[in-house]
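Inside the fold
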Amino acid sequence: RGLYYVLRTLRGRLVEDVIDHSSHTIKGRAPQGSDDVRRLPAMITFSPEMATRARELLHFLYSRFYNHPALTDVRRRSVDCLVQLFELLVGHPHLLSQQFVMRVKNDGEYRATCDYLACLTDRQVYLQHQKLIGGLPSLEAVHLEQTALL
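These lines cover the structure that appears in this document, whether it is placed above or below.

Reading the values: rules and limits
Residues numbered from 1 in each chain as written. Predicted model: local features only at pLDDT ≥ 70, side-chain atom pairs only at ≥ 80, totals over all residues. Heavy atoms only, no water. Phe/Tyr/Trp six-rings, centres within 6.5 Å; stacked < 30°, edge-to-face > 60°. Axes fitted to C-alpha atoms, helices over the stretch in contact; angles between N-to-C directions. Helix = DSSP H or I, 4+ residues; strand = E, 2+ residues; numbered from the N terminus. Parallel < 35°, antiparallel > 145°, perpendicular 65-115°, else oblique. Left-handed = near helix turned anticlockwise from the far one by under 90°. Contact = heavy atoms within 4.5 Å. Nonpolar A, V, L, I, M, F, W, Y, C, P; charged D, E, K, R; others polar. Salt bridge = Lys/Arg side-chain N within 4 Å of Asp/Glu carboxyl O.

1. Things to note about the packing of aromatic side chains
As enumerated under the stated definition, the model contains four aromatic pairs in all. With 5.5 Å between their ring centres and 70 degrees between their planes, phenylalanine 100 and tyrosine 116 make a pair best called edge-to-face. Within the aromatic cluster, the residues linked to one another by ring pairs are Tyr62, Phe65 and Tyr66.

2. Quick word on the packing of helix α4 (residues 69-91) against helix α5 (residues 98-119)
Viewed as axis vectors pointing N to C, α4 and α5 meet at an angle of 140 degrees, and their least axial separation amounts to 9 Å. For the element pair α4 / α5, the angle class is oblique. When the axes of α4 and α5 are compared, the crossing they make is right-handed. In contact with Leu82, Leu85, Phe86, Leu89 and Val90 of α4, α5 contributes Glu109, Tyr110, Thr113, Cys114, Tyr116 and Leu117. A breakdown of the residues in the contact of α4 with α5 according to their chemical character gives nine nonpolar, one polar and one charged.

3. Quick look at the pattern of salt bridges
For side chains of opposite charge, pairing can occur when their charged atoms come near one another. Tallying each qualifying case throughout the model produces eight salt bridges. Put simply, aspartate 115 and arginine 103 hold a salt bridge, and the shortest N to O gap is 2.4 Å. Between arginine 111 and aspartate 115 there is a salt bridge, and its shortest N-O distance comes to 3.6 Å. Residue arginine 111 and its partner aspartate 115 are located together in helix α5, separated by four residues, close to a single helical turn. Among the charged side chains, a salt-bridge network with shared partners connects Asp73, Arg76, Arg77 and Asp80.

Dropping the structure here:
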């Protein structure tokens, strides 16, 4: 419960900083239209102080969480699962849901399949893989200890 509070508070601070800093930047630069926005340096940014903290947070997350050895295997299996589903569905677009089967005519197999897979949750992807291909090693077998990650 405490972890969720910390994460929610941290996200809140990051969002508040972007909103506050960006508001001041926009008022200071006073763009008159979209051409000004494209021409001027980025206006939606962290304050310099928060940008430093955000970089430190990203470094921490990548070194201790995103690239943690316990997640490497999960990520590899997830990518393998998506690749296999994509290859199957591109070759057999009739297996897509009806909405996406109809899109194949206008958008092509690749676009319709990408959009279909993008709409699925992780769990739905694994269930589709089990249903259509089978043999997927269970990702539920991977139990991560919070202390090992943080």
